Protein chains: 2
Amino acid sequence: MTVATATAARRRAQAKTEYNAFLQVCPSRQVLARLSDKWVTLVLCAVAERPMRYGEITRAVAGVSQKMLTQTLRGLERDGLLSREVTPTVPVTVTYSMTPLGESLHTVVEGIKDWAETHMDQINDAREAYDSRVGTE
Amino acid sequence: MTVATATAARRRAQAKTEYNAFLQVCPSRQVLARLSDKWVTLVLCAVAERPMRYGEITRAVAGVSQKMLTQTLRGLERDGLLSREVTPTVPVTVTYSMTPLGESLHTVVEGIKDWAETHMDQINDAREAYDSRVGTE
DNA sequence: CGGAATCCTGCCTGATACTG
DNA sequence: CAGTATCAGGCAGGATTCCG
């Protein structure tokens, strides 16, 4: 780190400390931080259906890079949400499946999904109203 | 666009189209995309307690920049989750409060929060186990 | 006070190539 | 097949400044 950036870094660290206090109040932050990862939800949805191999997930969540997929899978495994099973066949086989913990999280995510399906049209209406209002004024 | 990147761009667009199909299957994605915004949840939590003014939210969610706060508030307002009320006093007063729609989303978010509080220790245990396992091997 | 506009940095992300 | 390593770019996000 250069001297020039020291002050900025310092202030950032300071701010980080400050809002950590608020984060303590809201423990959901840490889990939401996980769900924030764009791919986490998709992978979770995919594997929730049935255990999948690496390649299958790649295809199911088409658009994800190996890097992100691996990173996501590692994170989910680390958090005990997915289990990774290696079968030492000749071309090595790796299967990912949900853990009970992962299942329970998936249930909650389903709750959000339900909310989304129920209220999505209201949100769209609100957006259109807002946009036309802004466009008109 | 150069000729050299045409192929890559093409494939990217292709992939995008593909996983859009998957996203259609998972409508929760759009709402999750909202919740993914780091600050959305925090702001939602803050305003859910009581209507707040811009400055109050800034302090409550200490660490957020005006840019991100404004951006977040605009997004939430656009989606009809928050309402923005301007009182033309001498120093203008702007108050944000939850809409019924916002309240209902907050209820769901509370569900996540509950899950988080209930299972956070399990996740931490899993993390420690994973880390020590990796560190040992 | 509440916000808009600008600039600028760093990280997230993706593409590519290589390994076991 | 299931990754790892490396490189390059874009864009989210922060700091700063100015306006109503």
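Residue indices begin from 1 for each chain and proceed along its sequence in written order. Labels follow written order: the first chain is A, the first ligand is 1, and so on. Only residues with pLDDT of 70 or above have their local features reported here, since the model is predicted, and side-chain atom pairs are shown and tallied only from 80 upward, although totals for entire chains, interfaces and linings are computed over all residues. With hydrogens and water set aside, each side-chain value is computed from the structure's full complement of heavy atoms.

Q: Teacher, can you tell me more about the overall build of chain A here?
A: Tallying secondary structure elements over chain A gives 6 helices and 3 strands in all. In sequence order, chain A lays out its α and β elements as α-α-α-β-α-α-β-β-α. In this scheme, a residue with accessible area under 20% of its type's maximum is buried, one over 50% is exposed, and one in between is partly exposed, where area comes from a 1.4 Å probe on protein chains only. When each of the 137 residues of chain A is scored for burial, the buried share is 42%. Within the structure as shown, chain A displays about 7600 Å² of accessible surface, and the carbon and sulfur contribution to it stands at 54%. Secondary structure is summarised from DSSP: a helix means a run of H or I of at least four residues, a strand means a run of E of at least two, and numbering begins at the N terminus for each. To measure how exposed things are, a 1.4 Å probe is used in the Shrake-Rupley method; for residues, cover is taken only from the protein chains shown.

Q: Honestly, the protein's contact with DNA strand D in this entry has me stumped. Any pointers?
A: By convention in this text, a residue qualifies as near a molecule or strand provided that one of its non-hydrogen atoms is within 4 Å of it. Around DNA strand D, the structure places 16 residues, and the nearest of them are Gly55, Arg84 and Tyr96 of chain A together with Lys67 and Met68 of chain B. Of what DNA strand D places within 4 Å of the protein, 76% of the atoms are sugar or phosphate. At a separation of 2.6 Å, a phosphate oxygen of DNA strand D approaches a polar side-chain atom of Arg84 of chain A. Any N or O atom pair separated by 3.5 Å or less is treated as a polar contact, with the protein-specific requirement of one donor-capable and one acceptor-capable atom, and with residues adjacent in sequence counted only for side-chain atom pairs. At 2.7 Å, a side-chain N or O of Tyr96 of chain A approaches a phosphate oxygen of DNA strand D. Only helix H4 (54–60), helix H5 (66–78) and strand S3 (93–98) of chain A together with helix H5 (66–78) of chain B provide two or more residues apiece to the surface near DNA strand D. With 3 residues, H5 of chain B is the single largest residue contributor to the surface near DNA strand D. Classification used: nonpolar for Ala, Val, Leu, Ile, Met, Phe, Trp, Tyr, Cys and Pro, charged for Asp, Glu, Lys and Arg, polar for all others including Gly. Grouping the amino acids of the surface near DNA strand D by side-chain chemistry returns 7 nonpolar, 4 polar and 5 charged.

Q: Teacher, can you tell me more about the sheet that holds strand S3 (residues 93–98) of chain B here?
A: Within a sheet, each strand pairs with its neighbour through backbone hydrogen bonds, oriented either parallel or antiparallel. Residues and elements named next belong to chain B. Strand order in this open sheet of 3 strands is S1-S3-S2, and the pairing throughout is antiparallel. Both edges of this open sheet fall to strand S1 (52–53) and strand S2 (82–87), since each of them pairs with a single strand only. Of the pairings in the sheet, the one linking S1 to S3 comprises 2 bridges and is antiparallel in character. Directly across from Arg53, in S3, lies its bridge partner Thr95. Helix-sheet contacts for helix H3 (residues 38–49) involve S1, S2 and S3, and the interaxial angle to S3 is about 95°. Two strands are said to pair when DSSP picks up at least two bridges between them. By definition in these notes, contact holds between two residues if any of their heavy atoms fall within 4.5 Å. With axes taken as lines fitted to C-alpha atoms, and helix axes fitted only over the stretch in contact, angles between N-to-C directions fall between 0 and 180 degrees.

Q: Teacher, can you tell me more about the interface of chain A and chain B here?
A: Facing 49 residues of chain A, the contacting portion of chain B comprises 48 residues. The salt bridge criterion pairs a side-chain nitrogen of Lys or Arg with a carboxyl oxygen of Asp or Glu, the two atoms within 4 Å. Between Arg127 of chain B and Asp79 of chain A there is a salt bridge, with its nearest N and O atoms 2.6 Å apart. Viewed at the interface, chain B and chain A are joined by 8 residue pairs in polar contact (both at pLDDT 80 or more). Contributions of two or more residues to the side of chain A that touches chain B are made by helix H1 (6–25), helix H2 (28–36), helix H3 (38–49), H5 and helix H6 (100–136) of chain A. Ranked by residues supplied to the side of chain A that touches chain B, first place goes to H6 of chain A with 20 residues.

Q: Sorry if this is basic, but what is going on with the nonpolar core here?
A: Proteins that are soluble and globular tend to have nonpolar side chains buried together. In plain words, nonpolar cores are sets of buried Ala, Val, Leu, Ile, Met, Phe, Trp, Tyr and Cys residues tied together by side-chain atoms within 4.5 Å. Within the largest apolar cluster, 64 residues are counted, with the highest numbers of intra-cluster contacts made by Val43 and Ile57 of chain A together with Val43 and Ile57 of chain B. Once residues within four sequence positions are removed from consideration, Val43 of chain A is found in contact with Ile57, Val61, Leu69, Thr72, Leu73, Leu76 and Leu82 of chain A.

Q: Please clarify how the relation of the copies chain A and chain B should be interpreted in this entry.
A: The pair of chain copies shares a relation made of a rotation about an axis and a shift along it. Copies overlap after least-squares fitting; the atoms used are the C-alpha atoms of residues with pLDDT of at least 70 in both. Each copy superposes on the other: chain A lies on chain B with an RMSD of 0.3 Å after a rotation of 180° and an axial shift of 0.1 Å. Both copies of the chain, as the preceding transformation shows, are related through a two-fold rotation axis. For chain A, the smallest separation between a C-alpha atom and the rotation axis is recorded for Ser36 of chain A, amounting to 2.0 Å. A share of 98% of the interface residues of chain A reappears at the interface of chain B, consistent with the copies meeting face to face through the same patch.

Q: When you look at the pattern of salt bridges in this model, what are you seeing that I'm missing?
A: Side chains bearing opposite charge may pair, as long as their charged atoms lie close to each other. A full pass over the atoms with the stated rule returns 8 salt bridges over all chains. Two residues, Arg78 of chain A and Asp131 of chain B, come together in a salt bridge whose shortest N-O distance is 2.6 Å. One end of the pair, Arg78 of chain A, is in helix H5; the other, Asp131 of chain B, is in helix H6 (residues 100–136), on a second chain.

Q: Please explain the domain arrangement of chain A as it appears in this structure.
A: A common way to report how large an interface is uses the accessible area buried once the components associate. Residues and elements named next belong to chain A. Here the limits of each domain have been adopted from an automatic or database domain assignment. Taken domain by domain, chain A holds domain 1 (1–36) and domain 2 (37–136). Contact residues are listed per partner, giving 4 residues for domain 1 and 8 residues for domain 2. Overall, the association of domain 1 and domain 2 removes approximately 570 Å² of surface from exposure, summing both partners, and the carbon and sulfur fraction of that is 49%. On the domain 1 side of the contact with domain 2, Arg34, Leu35 and Ser36 bury the most area, a combined 91% of that side's loss. Run the count over domain 1 and domain 2 and you get 0 salt bridges. Here domain 1 and domain 2 share 0 residue pairs in polar contact (both at pLDDT 80 or more) between them. By residue class, the composition of the side of domain 1 that touches domain 2 is 2 nonpolar, 1 polar and 1 charged. The term buried area denotes the loss of accessible surface (1.4 Å probe radius) that occurs when two parts are joined, taken as the sum for both partners.

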